[in-house]
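# Fold and contact review
Residue-level listing of the chains:
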Amino acid sequence: MSKKNWIGVLLFFTLSSANSQPYYGNTIKLETKTYGLVKEMVEDLKLQLAKATGKDFTIDTKDSTHQSGILIIKLDPSIIYKKNISGLDPTNDDAVLIQSDGEHTLVISAYTRQGLINGIYSYLDTLGFRWYHPGDAWAYVPVLKDIRIKCNQVFVPDFALRTFFGTWGTPRNKVVDKNGVVDKTWEVWATRNRMGGGYVLKGHMWNEFLWHNIKLLEQHPEYMAMVGGKRVVPNTAMKFCISNKDLQQLFVHDMVEKLNKAITANPNQTLYCLSVEPSDGEGDCECDQCKKMGSISNRVFFLANLVAKEFQKISPKAYVNLYAYNFHAAPPDFNIEKNVPVQIIP
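Our subject in this report is the structure included herewith. Because the structure is predicted, anything quoted here is derived from the model rather than measured.

### Description of the packing of aromatic side chains
Counted according to the given criterion, the structure contains eight aromatic pairs. An aromatic cluster is defined as three or more aromatic residues linked by ring pairs; in this entry it consists of Trp 206, Phe 209, Phe 240 and Phe 251.

Right, here's the structure in full:
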């Protein structure tokens, strides 16, 4: 079916029969290309609906005469659509529109893969499905005699950042888990609960900054943290003297350079999020000037703010991320910039 015809179905919901269709014709319909993007989630939708209803469902990626069904449509951001989807923001990767007449057709439409995923599991959530922990033992599958809903709503998560890291109590190594079952089970659980978000966060990066500037840092020992009355050696420690103005300038310059490279490499990317998270462990600077800055949180977030302000001059899509973690788990004494998402590490 052509894209034009798909959009026609989206906008007009043509109905072929007055007969009740409690299971939307037992059909999930989408284009082949869209199916390739969200195959695992569509197969999961099919599986979950079969469990709940005891009925078989078909995935249709070809032209069909069936007018009823669950339609999954990836929209083209270059096309201006009619008012039916005007509430759907093409710049929000998480946004999804779910429309149904409550009888024959349910349409899940989004501009992005993540939006379609959110739509599939928002629909299942509406039907009563729950996944409390990873694994089938923690899943709740409702018994359904009717999967229809009446809806015309844009779903957007309240939080742009929805990530959760866990080991599930099992080390990630091939001796204990040869087939990577732990990671796979965890990923399925996170997907079903619509975790993720527009921000792709990175972790510790001060060590990367150090090795990128190792020669300069060796020439300027005053840039390194003072511990026990002595400046640490660059190749044995990864903490810096944040109160040092020249170190601040070097750090900001390094991050701006990384941002410009990222923009050049992917100019149409939705957003750019670079980490300024300190290296792990202890060893923060004990010099008098750093102490005057206050808590370690004050120092770390001060440096993050410096980078964030420069990023704001370059692109409204540029963000700086770091953790609320270790000795900088507490909030600083000042506001952080609006383009600094913070991930809590309990």
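There's plenty left to go through after this.
### What about the pairing of strand β4 (residues 96-101)?
Burial runs high along β4: five of the six residues are buried. Sheet topology note: the β4/strand β8 (residues 150-155) ladder contains six bridges and is antiparallel. Bridging from a neighbouring strand, Gln 99 pairs with Asn 152 of β8. In the sheet, β4 pairs with strand β5 (residues 105-110) via four bridges, with the strands oriented antiparallel. Along β5, the bridge assignment pairs Ile 98 with Ile 108. Between β4 and β5, which pair antiparallel one after the other, the connecting turn spans three residues, and Gly 102 there sits at a positive phi close to 80 degrees.

### As for the sheet that holds strand β2 (residues 58-60)
With respect to topology, six strands assemble into an open sheet ordered β2-β1-β3-β5-β4-β8, the strand pairing being mixed. Two strands in the sheet have a free side with no partner beyond their single neighbour: β2 and β8. Each strand axis lies, on average, 15 degrees off the axis of its neighbour in the sheet, ignoring direction. As paired elements, strand β1 (residues 27-29) and strand β3 (residues 69-74) share two bridges and run parallel to each other. The partner of Lys 29 across the bridge, within β3, is Leu 71.

### Remarks on the packing of helix α3 (residues 39-53) against helix α4 (residues 113-127)
Packing of α3 against α4 brings their axes to within 10 Å, and their N-to-C directions diverge by 10 degrees. Judged on the interaxial angle alone, α4 and α3 are roughly parallel. Packed against α3, whose contacting residues are Met 41, Val 42, Asp 44, Leu 45, Gln 48 and Leu 49, the element α4 presents Arg 113, Ile 117, Ile 120, Tyr 121, Tyr 123, Leu 124 and Leu 127 at the interface.

### What to know about a nonpolar patch on the surface
A cluster of nonpolar side chains, Tyr 132, Trp 138 and Tyr 140, forms an exposed patch at the surface whose accessible area comes to about 380 Å². Tracing the backbone shows Tyr 140 in strand β7 (residues 139-140).

### Examining the sheet that holds strand β15 (residues 342-344)
Where strands meet in a sheet, backbone hydrogen bonds hold them as pairs that are either parallel or antiparallel. Strand order in the open sheet made by the three strands is β13-β14-β15, with parallel pairing throughout. For this open sheet the edge positions go to β13 (272-275) and β15, each flanked by a neighbour on one side alone. With direction set aside, neighbouring strand axes in the sheet form an average angle of 30 degrees. Sheet topology places β13 next to strand β14 (residues 318-324); four bridges connect them, and they run parallel. Within β14, the position partnered with Cys 273 by the bridge is Tyr 319. Contacts from helix α10 (residues 296-314) reach β13, β14 and β15 within the one sheet, and its direction differs from that of β14 by about 170 degrees.

Thresholds, definitions, all that
Residues numbered from 1 in each chain as written. Predicted model: local features only at pLDDT ≥ 70, side-chain atom pairs only at ≥ 80, totals over all residues. Heavy atoms only, no water. Phe/Tyr/Trp six-rings, centres within 6.5 Å; stacked < 30°, edge-to-face > 60°. Buried < 20%, exposed > 50% of the residue type's maximum accessible area, 1.4 Å probe, protein only. Helix = DSSP H or I, 4+ residues; strand = E, 2+ residues; numbered from the N terminus. Pairing = 2+ DSSP bridges. Axes fitted to C-alpha atoms, helices over the stretch in contact; angles between N-to-C directions. Parallel < 35°, antiparallel > 145°, perpendicular 65-115°, else oblique. Contact = heavy atoms within 4.5 Å. Patch = residues over 30% accessible without salt bridge, like charges linked within 9 Å, V, L, I, M, F, W, Y side chains within 5 Å. Areas by Shrake-Rupley, 256 points an atom, 1.4 Å probe, with all protein chains shown as cover. Salt bridge = Lys/Arg side-chain N within 4 Å of Asp/Glu carboxyl O.

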